[in-house]
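Chain by chain, the residues run as shown.
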Amino acid sequence: MAGRNAPFGAGFAQRNLADWQALVEKDLKGGDPERLVTTTEDGLRIPPLCTEGELLQVPPRADSAPERLARIGAEGNGRVAAAIRYALDHGATGILLDLSTPRHSDGLAVEPADWDPIFGELGDSGSLHLRANAGGIAHARAWLESEAFGQRTGCSLGLDPFSVATLTGAFDDLTINLSGAAELGAEALNHRARPRPFVLDAAPYAAAGATTAQAVGCLLSGTVEVLRALEQASVDSSRAFDAIGWGLRLDPRFFEQIAALRALRILHLQVARACGVESPPALFLMALPAERMLSRRDPWVNILRQTATCFSGLVGGADAVGAFAFDSTLQESSELGRRVARNTPT
């Protein structure tokens, strides 16, 4: 019997590419092997088999285990800290603090001034990730100015001026907002909590119908603009890459989504090397479900769909993986919905 560290194919007869091609020709009975090639909606050809020489080396992710994210929603100011503690005590290792918007009624209804007492009620366990969109700079500054927040580590301020401009249509303010976010990002890098200032999120592009490759392209172009803004804010290029994370929104096509997550790390390295940074910090990559795939008429199917997205995130090497309450598209999410969401990435 093969040992625990033996190759997966140990004990089987060795085969080569010619053997596989012969079996395919026999199975197709003279049919065209091209029929086994699939094409994505972006026009990318996916062959039925890739050999080792065709695979690209994916840069490693951080050594720590992936965070299991829980989105805290539908909580008033007085219950936010209790909801965070409850989620961390019941399976979550990271918290997505998604603020309420007119299109997202299941989010948190808090103001920047509310954060300091919330942090004061919390311990220092678990990572907190902010997603505020409009008003994001004000909320991020409130985090930095909170004395209690300074005791935390592994947090993200979630600054993303491009998502704000895409969601609000306020593109005339994009340059000013990006500059302000970069100045705040430079301050965050020197803060004792060392939060990650930017997490560029593909959510608005996915919601608008972007394909996977188009969403990746938006993240790449946004990253280049953030790097330029950080340079103007006197942030060294090597430290600038430590300031930016990415959030990809996944659908149930898990093979394509796994490939996209791995491709993001390769592309991140290529951007860094083009900027003269040969060994950038490991990319922080967050994987969440694309909300456009969540059903309102049959919310139970959302459990299955998000099981596929969590599988993709974990296999694809994301640093933080989460699911949303299956009934969050109907109304305020239920306790059952939030419990199932917490347990899905585990």
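Residues numbered from 1 in each chain as written. Predicted model: local features only at pLDDT ≥ 70, side-chain atom pairs only at ≥ 80, totals over all residues. Heavy atoms only, no water.

## Concerning the overall build of the chain
As a reminder, the rule being used: Strands here are runs of E lasting at least two residues and helices are runs of H or I lasting at least four, both read from the DSSP assignment and numbered beginning at the N terminus. We compute the radius of gyration from the C-alpha atoms alone; for a globule the expected value is 2.2 Å times N to the 0.38, where N is the number of residues. Exposure categories follow from relative accessible area, calculated using a 1.4 Å probe and restricted to protein chains: below 20% of the type maximum is buried, above 50% is exposed, and the middle band is partly exposed.
Along its length, the chain carries 12 helices and 10 strands. For 346 residues, the compact-globule formula gives about 20 Å, and the C-alpha radius of gyration of the chain, at 22 Å, lands near that figure. With the C-alpha coordinates aligned to their principal axes, the bounding extent of the chain is approximately 70 × 50 × 45 Å. A burial count over the chain gives 48% of its 346 residues as buried.

## Examining the environment of S127
Filter applied, for reference: When checking whether two residues touch, look at their non-hydrogen atoms; a contact exists if any pair is within 4.5 Å. Any N or O atom pair separated by 3.5 Å or less is treated as a polar contact, with the protein-specific requirement of one donor-capable and one acceptor-capable atom, and with residues adjacent in sequence counted only for side-chain atom pairs.
Among the structural elements, S127 can be located in strand β5 (residues 127-131). Linking S127 and V235, residues 108 residues apart in sequence, is a C-alpha distance of 24 Å. S127 has contacts with E67, T93, G94, I95, T153 and G154, leaving out every residue within four places of it along the chain. Here G154 takes part through its backbone oxygen, which lies 3.2 Å from a polar atom of the side chain of S127.

## What about the pattern of salt bridges?
Here is the rule we go by: The term salt bridge refers to a side-chain nitrogen of Lys or Arg lying within 4 Å of a carboxyl oxygen of Asp or Glu.
A complete count under the given rule lists 20 salt bridges for this structure. As a salt-bridge pair, D319 and R61 come within 3.3 Å of each other at their nearest N and O atoms. Of the two residues, D319 sits in the loop between α11 (301-315) and β10 (320-323) while R61 sits in the loop between β2 (45-46) and β3 (67-72), which places them 258 residues apart along the sequence. You can call D319 buried: its relative accessible area is 7%. The exposure class assigned to R61 is partly exposed, which follows from its relative accessible area of 22%.

## Details of the nonpolar core
Applicable threshold: To define a nonpolar core, start from buried Ala, Val, Leu, Ile, Met, Phe, Trp, Tyr and Cys residues and group those joined through side-chain atoms within 4.5 Å.
Counting 77 residues, the largest nonpolar core has I95, L97, W115 and W143 as its most contacted members. Ignoring sequence-local partners within four residues, the contact set of L97 consists of I72, I84, L108, W115, L128, H129, L130, R131 and W143. One finds L69, L96, L294 and A320 within the second-largest nonpolar core, a separate group that totals 9 residues.

## Things to note about the environment of R342
When you line up the elements, R342 lands in helix α12 (residues 335-343). Here H90 takes part through its backbone oxygen, which lies 3.3 Å from a polar atom of the side chain of R342.

## Brief notes about the pairing of strand β8 (residues 244-250)
Test applied: When DSSP finds two or more bridges between a pair of strands, those strands are recorded as paired. Place the viewer so that the strands point away; then a crossover is right-handed whenever the path from the first strand over the helix to the second strand goes clockwise.
Burial of β8 is extensive: 7 of the 7 residues sit out of reach of the surface. Burial along β8 is two-sided: the face carrying I244, W246, L248 and L250 and the face carrying G245, G247 and R249 are both buried. The pairing of strand β7 (residues 196-201) with β8 spans 4 bridges and is classified as parallel. Note that in β8 the partner of F198 across the bridge is I244. Sheet topology places β8 next to strand β9 (residues 284-289); 6 bridges connect them, and they run parallel. By the bridge assignment, G247 is partnered in β9 with M286. This β-α-β element, β8 to helix α10 (residues 254-274) to β9, shows right-handed connectivity.

## With respect to the packing of aromatic side chains
This is how it is decided: Each Phe, Tyr or Trp ring, with Trp reduced to its six-membered ring, pairs with another whose centre is within 6.5 Å; inter-plane angles below 30 degrees give stacked pairs, above 60 give edge-to-face pairs, and intermediate values give tilted ones. By definition here, charges over rings are those cases where NZ of Lys or CZ of Arg is within 6 Å of the ring centre and within 35 degrees of the ring normal.
One pass over the full model with this rule turns up 8 aromatic pairs. For the pair W115 and W143, a centre-to-centre distance of 5.5 Å together with 75° between the ring planes defines the contact as edge-to-face. Residue W115 is found in helix α3 (residues 115-121), and its partner W143 is found in helix α4 (residues 136-145); the two are separated by 28 residues along the sequence. For W143, a relative accessible area of 0% translates into the label buried. Grouped by ring-pair contacts, the aromatic residues W115, F119, W143 and F149 constitute a single cluster. Here the guanidinium or amino end of R71 rests over the ring plane of F324, the centre of that ring lying 3.9 Å away. Here R196 stacks its cationic end above the ring of F284, 3.9 Å away from the centre of that ring.

Bear in mind that shape data such as this cannot, by itself, settle questions of function.
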